[in-house]
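Given next are the chains, with one letter for each unit.
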Amino acid sequence: MPLPLTFSTDQRPAPDPREVYLDYGAATPMAPEVVQAMLPYLTERFENPSAPYARARAARTALEDARAHLAHLIGAKPGNVVLTAGATEANNLALAVADGPILTDAIEHESILACAEAHGCVTVGVGRDGRVNPDAVRDALTPQVQLVSVELANGEIGTIQPVREIADIVAKERSRRLRNGENTPLYLHTDASQAVTSSSVNVSSLRVDLMTLSAAKVYGPKQVGLLWAADGVPLRPLVRGGGQEAGLRSGTENVAGAVAFAKALEMVSEDRAKESRRTAQLRDGLQRALMATFPWMVTSGPKVASKRLCGLLSVSFAGLEARRLVVLLERRGVSVGTGSACAASRMRVSHVLRAIGLSDREAAGSLRITLGRPTTEDDCAYAAWAIADVVREECARLGIDHRTGERL
């Protein structure tokens, strides 16, 4: 086992200045191998895969090969994979399965919550660590609920959810309905977009009926995603027209995006175990350095590292303003987030932080730090110093003791 990393928050590391990107939960850069894989389909192999001539048929072959590879990587059949323009569309397509109530939890992505509310939403709360209690799901699962949607891992505080335990509960409710002659269907969906770099997304192992993935979270292109649906799940088209994607998503297929997604997911799957250990070690070193400097700092998410996404650190400095911290960090060359990019763009406190019980004062001072494949030990050493430097600076400006968090 490697020795724990130790970062200093007192001495500015060399070289200086430097640029450190720590917002991989919002966007990942495309891997060079992924760019190379998709480039031909943006240039000389540009044809529409629905056209009848040979070059177009070659594009169709590339598209279906990419679909088959994606299916293989998640333990599925190609015919059950629908390619979409990102995870949000895939989530919308998944939840359109239900025409009755949907059960979800309070810290889901906005795309899930918005769809669930439109159908009649049953929402269960979460613990302080963001974990969904399977017993709460069982208690809230009324005979009218048609779909349960719980993400595999939360992208703001890193909580890995007990999806397999929830799958057991869903299976038992299905059996009860069958025994009693009840015809209301029940399906289980998970958005695994944030989890895929840390956790297996084999659909048989997860025992879900529907699963969402995003290329943008695995060093692939933005606006490319997929929805896997088990046999017998009655998907309903949201985009009608030419009948592409088996009539479920009309529009000219994004061959380049599909090829890139397949290559990106392949690379992440191959190095997942090694990369998870590496980023977890970096994350833990950064957390230890900040906690040692600011004992009053609040860390959100599970305390047990194995139950949290390996490269994510959510911290709160009560009394400070996160948006100002972000600007000050940017001046020092460090880019971090304040929660989900969706919440940050609307300049509001994240619903996730409210749901886990953070006070407004704590939530307003929250930063989300997410590490990625390019993140180095030197990057984390510099980030530890920079974060400590701006927190001390803001504490001094506001008359707060940076050692205790109390007003002077």
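Conventions we followed
- Residues numbered from 1 in each chain as written.
- Predicted model: local features only at pLDDT ≥ 70, side-chain atom pairs only at ≥ 80, totals over all residues.
- Heavy atoms only, no water.
- Pairing = 2+ DSSP bridges.
- Helix = DSSP H or I, 4+ residues; strand = E, 2+ residues; numbered from the N terminus.
- Axes fitted to C-alpha atoms, helices over the stretch in contact; angles between N-to-C directions.
- Contact = heavy atoms within 4.5 Å.
- Disulfide = S-S within 2.5 Å.
- Buried < 20%, exposed > 50% of the residue type's maximum accessible area, 1.4 Å probe, protein only.
- Polar contact = N/O pair within 3.5 Å; in protein donor to acceptor, adjacent residues only side chain to side chain.
- Salt bridge = Lys/Arg side-chain N within 4 Å of Asp/Glu carboxyl O.
- Core = buried A, V, L, I, M, F, W, Y, C linked by side-chain atoms within 4.5 Å.

**Let's talk about the sheet that holds strand β8 (residues 225–229)**
Moving on, step 1. Strand order in the open sheet made by the seven strands is β2-β8-β7-β6-β5-β3-β4, with mixed pairing throughout. Looking at the sheet topology across the chains shown, the edges are occupied by β2 (81–84) and β4 (121–124). Strand-to-strand twist in this sheet, taken as the mean axis angle between neighbours without regard to direction, amounts to 20°.
Moving on, step 2. Sheet analysis places strand β3 (residues 102–105) next to strand β5 (residues 147–149), joined by three bridges and oriented parallel. Along β5, the bridge assignment pairs L103 with V148.
Moving on, step 3. On top of the sheet, helix α3 (residues 87–95) reaches β2, β3, β5, β6 (187–191), β7 (210–214) and β8; it is set at about 170° to β7, its chief contact.
Moving on, step 4. Together, β3, β4, β5 and β6 form the strand contacts of helix α4 (residues 110–119), whose direction differs from that of β3 by roughly 145°.

**A look at the state of the cysteines**
Moving on, step 1. Scanning the entire structure with this criterion turns up zero disulfides.
Moving on, step 2. The thiol of C121 is not disulfide-bonded; the next cysteine sulfur, from C115, is found 10 Å away.
Moving on, step 3. Residue C121 is classed as partly exposed on the basis of its relative accessible area, which comes to 29%.

**Details of the pairing of β7**
Moving on, step 1. The element β7 is extensively covered by neighbouring structure, given that five of its five residues are classed as buried.
Moving on, step 2. On β7, burial covers both faces: L210, T212 and S214 on one face and M211 and L213 on the other are all buried.
Moving on, step 3. With three bridges connecting them, β6 and β7 associate as parallel partners. Its bridge partner lying in β7, H189 is registered against L210.
Moving on, step 4. Two strands pair when backbone bridges link them, and β7 and β8 are joined in this way by five bridges, in the antiparallel orientation. Within β8, the position partnered with L210 by the bridge is A229.

**Observations concerning the side chain of R18**
Moving on, step 1. With respect to the secondary-structure elements, R18 resides in the segment before β1 (20–21).
Moving on, step 2. Here D379 takes part through its side chain, which lies 3.1 Å from a polar atom of the side chain of R18.
Moving on, step 3. Apart from the residues lying within four places of it in its own chain, the contact partners of R18 are R332, G333, T376, D378, D379 and Y382.

**A few points about the pairing of β8**
Moving on, step 1. In terms of residue burial, β8 counts as a mostly covered element, since five of its five residues are buried.
Moving on, step 2. Residue alternation in β8 divides its side chains into two sets, G225, L227 and A229 and L226 and W228, and both sets are buried.
Moving on, step 3. By the bridge criterion, four bridges tie β2 to β8 in an arrangement that is antiparallel. Paired with T84 across the strands is G225, a residue of β8.

**Side note on the pattern of salt bridges**
Moving on, step 1. What the rule picks out here adds up to 31 salt bridges.
Moving on, step 2. Here R60 and E253 are joined by a salt bridge, their closest N and O atoms 2.8 Å apart. Of the two residues, R60 sits in helix α2 (residues 54–73) while E253 sits in the loop between β8 and α8 (255–293), which places them 193 residues apart along the sequence.
Moving on, step 3. Take R60: its relative accessible area is 26%, and that puts it in the partly exposed class.
Moving on, step 4. The partner of E321 in a salt bridge is R323, and the shortest N-O contact between them spans 3.6 Å.
Moving on, step 5. Exposure remark for R323: the relative accessible area of 38% places this residue in the partly exposed category.

**A few points about the nonpolar core**
Moving on, step 1. With 88 residues, the main nonpolar core has I74, V148, L210, M211, L213 and W228 as its most contacted residues.
Moving on, step 2. With sequence-adjacent residues up to four places away left out, W228 is seen in contact with I74, A76, N80, V81, V203, V208, D209, L210 and M211.
Moving on, step 3. A322, V334, I369 and A383 belong to the second largest nonpolar core, which has 38 residues in total.

Read these as geometric descriptors, not functional statements.
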